[in-house]
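Structural description and commentary
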Amino acid sequence: MQPSYNKRLDKLRERIKKAEIDTLLVSDARNIFYLSGSNGGYTGAKVMLIVDANTSTLIIDKRYLAETMESAVVDTITAWTEPSYGDIVALLKGSGVKKVGFESTHVTVKQYERLVKEFDAIQLVGVAGLIEPVREVKDRHEITKITDAAAIGDTTFDYITGILRPGMTEIEISIEIDFFMRKHGAERPSFDTIVASGIHSAVPHATPSSKKIEVGDFVTLDFGAVVDGYHSDMTRTVVIGRASGKQKDIYAKVLEAQIAALDAVVPGKVCRDLDAVARDIIAEAGYGENFVHSLGHGVGLDVHEAPTLAKGNEAMLAEAMVVTVEPGIYINGFGGVRIEDLVVVTRSGREVLTLSTKDLLEL
Ligand code: GLY
Ligand code: MN
Ligand code: MN
């Protein structure tokens, strides 16, 4: 199924109108991919999508022209004569454009200075958040891709729990995860895979090290796959050998909080309140200070995108958003537990996309 780029552009055009600009220069590679399907932007090429009320034009580095012609759905594709914003001004001239927006959150100061120089007579305005809010609500194509990516994560978890042995290093395990995901359809990992064992598991985003896993360790595995640009994200924590009483208690508390928060995912739920569902359970158990990050985040073309399920966020969940639910308890010098699922908000609740067991595995 092809995404409907026209629908996406229609939504953007409404927002362009509200922002009182004639044209938007889209420079973020993810946003360009979202609006046009152009793969050229993924490779670090110089690329810009120009959207106005009626047309969309992609201007791209010559080296990626062939690839872009194959993937992009836009009205016009043209190559830079040289990587200069003068090319864009030339394209805009004659169309009577007066006010042009650029993505202020995705343009460097240097690029901005060059834009201003070239644009001279045309008014340039920085605009933020015109495209990203549209991306929060996924269409069927996107949900299918994220579901496929989540399934690769589940298969990978099965594989890795089958081969985990004391003596393997965290780095070796992370390489196994990444290699397995690539072999099973991931174009790349969603982010640097996290394998954190023993006391390292008390660091939420630990970098895999040469530490060998030992009997008695918690091992936190946090990873995801990218399929056609769409990310997945999941975390499971396992124990090597028999779990101690304290490990079981902490695990059970994180799981209770995670399930309660999952059950509370529904359209209209305020992100801040969802975070509080898990946070209150963990705090009541005396571990409030040990849940050191927010409950979750949106996932799509970026692994971390809006909405953020966090204390301060008053935004509401809506049908077809895809978010993670990932509470944790981290105790310095002891270890930590995080359990993370990826869920899509449905009309009346949620569907969990990551299906790996959450029973505490003793390997
Ligand atoms: N590994 C990043 C995250 O779970 O958000
Ligand atoms: Mn994760
Ligand atoms: Mn996450």
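Residues numbered from 1 in each chain as written. Chains lettered and ligands numbered in written order. Predicted model: local features only at pLDDT ≥ 70, side-chain atom pairs only at ≥ 80, totals over all residues. Heavy atoms only, no water.

An unreviewed UniProt entry annotates the chain as Xaa-Pro dipeptidase of Candidatus Aquicultor secundus.

What follows covers empty space enclosed by the protein. Per the counting criterion, the structure on display carries two cavities of 30 Å³ or more. Of the pockets and cavities examined, the largest cavity occupies roughly 50 Å³. Each residue belonging to the lining of the largest cavity can be placed in one class, and the counts come to five nonpolar, three polar and two charged. Taken as a whole, the second largest cavity encloses approximately 30 Å³ of empty space. Surrounding the second largest cavity, I194, A196, S201, V203, P204, T220, Y330, G336, V337 and R338 form its lining. Of all elements in the fold, only β8 (194-197) and β17 (335-338) reach the threshold of two or more residues within the lining of the second largest cavity. Looking at the lining of the second largest cavity residue by residue, the classes come out as six nonpolar, three polar and one charged. (1 Å grid on protein atoms, 1.4 Å probe; cavity = no way out; pocket = protein on both sides within 12 Å on 5 of 7 lines; lining within 4 Å. Points joined across faces, edges and corners; volume = space filled by probe spheres on them. Nonpolar A, V, L, I, M, F, W, Y, C, P; charged D, E, K, R; others polar. Helix = DSSP H or I, 4+ residues; strand = E, 2+ residues; numbered from the N terminus.)

Ligand 1 sits among F191, I194, H205, D222, D233, H297, H304, E326 and E340. Between H297 and ligand 1, the recorded distance is 3.0 Å, taken from a side-chain N or O atom to an oxygen atom. Between H304 and ligand 1, the recorded distance is 2.7 Å, taken from a side-chain N or O atom to an oxygen atom. For ligand 1, whose accessible area on its own is 190 Å², the fraction buried by protein is 96%. Each residue belonging to the shell around ligand 1 can be placed in one class, and the counts come to two nonpolar, three polar and four charged. (Near = heavy atom within 4 Å. Polar contact = N/O pair within 3.5 Å; in protein donor to acceptor, adjacent residues only side chain to side chain. Areas by Shrake-Rupley, 256 points an atom, 1.4 Å probe, with all protein chains shown as cover.)

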